Amino acid sequence: QVQLVESGGGLVQAGGSLRLSCAASGRTFSSYAMGWLRQAPGKEREFVAAVNWSGGSTYYADSVKGRFTISRDNAKNTVYLQMNSLKPEDTAVYYCARRRSGSYAYNRPREYDYWGQGTQVTVSS
């Protein structure tokens, strides 16, 4: 059983920064790509960023490219999302998720099989 626990969300002013963390249980963490996705009120869940198993390749939604950075520490079973230059439109619940084995895509929520409970990020203008 895989458990993912996010932390680091909160309220920040536009232009500010937050760092999200996702701690994973289980011995196979380093074998899987991981992603961050978000869901704003009244909107569908959308892809934000992903990192491959080693941390050597990263992928971003156009809306966050250049502002957000995803990384992972396999020794700590943790994946991070550094968010800079935050905008009010970044307000959402942010979820950490594990990409399912055998998947080749990163940017669709259905490619992920285990999810955390989510952490709220609110950016005020």
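Structure: see above.
All figures in this text were calculated on a predicted structure; none of them were measured in a lab.

What follows is about the pattern of salt bridges. Under the criterion given, the structure shown has seven salt bridges. With a closest N to O distance of 3.0 Å, Arg98 and Asp113 form a salt bridge. With Arg98 in strand 9 (residues 92–99) and Asp113 in strand 10 (residues 112–115), the pair connects residues that are 15 residues apart, well separated along the chain.

Our focus in this paragraph is the state of the cysteines. By the definition in use, this model includes one disulfide. Each sulfur of the disulfide joining Cys22 and Cys96 lies 2.1 Å from the other. Measuring handedness by torsion sign, the sulfur bridge of Cys22 and Cys96 sits at about -75 degrees and is left-handed. One end of the pair, Cys22, is in strand 3 (residues 18–24); the other, Cys96, is in strand 9, with 74 residues separating them in the sequence.

Our focus in this paragraph is the packing of aromatic side chains. Using the criterion set out here, one finds three aromatic pairs in the structure. Both rings, one in Tyr59 and one in Tyr106, keep their centres 4.0 Å apart while their planes meet at 20 degrees; by these two values the pair is stacked. Within this pair, whereas Tyr59 is found in strand 6 (residues 58–60), its partner Tyr106 is found in the loop between strand 9 and strand 10, the two being separated by 47 residues in sequence. The partly exposed category is assigned to Tyr59, whose relative accessible area is 32%. Exposure remark for Tyr106: the relative accessible area of 13% places this residue in the buried category. Above the ring of Trp115, the side-chain terminus of Arg45 is found at 4.7 Å from the ring centroid. The ring of Tyr106 carries Arg99 above its face, with NZ or CZ at 4.1 Å from the centroid.

Reading the values: rules and limits
Residues numbered from 1 in each chain as written. Predicted model: local features only at pLDDT ≥ 70, side-chain atom pairs only at ≥ 80, totals over all residues. Heavy atoms only, no water. Salt bridge = Lys/Arg side-chain N within 4 Å of Asp/Glu carboxyl O. Helix = DSSP H or I, 4+ residues; strand = E, 2+ residues; numbered from the N terminus. Disulfide = S-S within 2.5 Å. Phe/Tyr/Trp six-rings, centres within 6.5 Å; stacked < 30°, edge-to-face > 60°. Buried < 20%, exposed > 50% of the residue type's maximum accessible area, 1.4 Å probe, protein only. Lys NZ or Arg CZ within 6 Å of the ring centre and 35° of its normal.

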